[in-house]
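An overview of the molecular structure
Listed below, chain by chain, are the residues.
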Amino acid sequence: MYVSRIALRTLKWEGAVTTAIKIAVPPSRPAAEILIAVVTAPSHFKVRNAIRETYMIDAAQSGRCDVKFFIGQLAPTVENREETEAKINAETDMVRLYDFTESYHNLSSKALDIFAYAGERGYKAILKVDDDTFVRVP
């Protein structure tokens, strides 16, 4: 897990609002041209491992795709919060998005941050999927 600089972007929704976004990212540009962005929940460890054992292998072998998991901040009320944070921080293919708390109602913020992440790193295409989706990688 790597932590990058703070990126600024301007959102236009009910007036002009500037939001600071801190995104955990690798420091260099990817060799792959396609980002498979997996929207996941903090507690979905088994699901992420299933993806790592299936289509993430195909993506790595193709050399054209990177697969990354995206989650936001954990809510203070999450059970075993410290243990969950430690497990998530150990996952090297995880991208942490720090400008919102993880919840169903913040999925649009998560999508915007995924697009910003991909744009900053020079990906040519994005495939945004949920963690219950199987992707056939050519």
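Each remark here, short or long, concerns the structure printed above.
Residues numbered from 1 in each chain as written. Predicted model: local features only at pLDDT ≥ 70, side-chain atom pairs only at ≥ 80, totals over all residues. Heavy atoms only, no water.

Some points on the packing of aromatic side chains
- Counted according to the given criterion, the structure contains 2 aromatic pairs.
- Their ring planes at 90 degrees and their centres at 5.7 Å tell us that Y55 and F134 sit as a pair that is edge-to-face. Placement of the pair is Y55 in helix α2 (residues 55-62) and F134 in the segment after β6 (125-130), with a sequence separation of 79 residues.
- Relative to Y117, the ring of F70 lies with its centre 5.3 Å away and its plane at 85 degrees, an arrangement referred to as edge-to-face. (Phe/Tyr/Trp six-rings, centres within 6.5 Å; stacked < 30°, edge-to-face > 60°. Helix = DSSP H or I, 4+ residues; strand = E, 2+ residues; numbered from the N terminus.)

A look at the pattern of salt bridges
- Counting across every chain of the model gives 9 salt bridges.
- Between E102 and K110 there is a salt bridge, with the nearest N and O atoms lying 2.7 Å from each other. Residues E102 and K110 agree in their burial class; the two are buried.
- A salt bridge links R121 to E120; the shortest N-O distance between them is 3.1 Å.
- Overlapping salt bridges, with partners in common, bring together R48, R52, E91 and D93 in one network. (Salt bridge = Lys/Arg side-chain N within 4 Å of Asp/Glu carboxyl O. Buried < 20%, exposed > 50% of the residue type's maximum accessible area, 1.4 Å probe, protein only.)

Describing the packing of helix α1 (residues 45-53) against α2
- Where α1 contacts α2, the axes come no closer than 3 Å and their chain directions differ by 40 degrees. In this view, α1 runs oblique relative to α2, as classed from their interaxial angle. For the pair α1 and α2, the contacting residues are I51, R52 and E53 in the first and Y55, M56 and I57 in the second. (Axes fitted to C-alpha atoms, helices over the stretch in contact; angles between N-to-C directions. Parallel < 35°, antiparallel > 145°, perpendicular 65-115°, else oblique. Contact = heavy atoms within 4.5 Å.)

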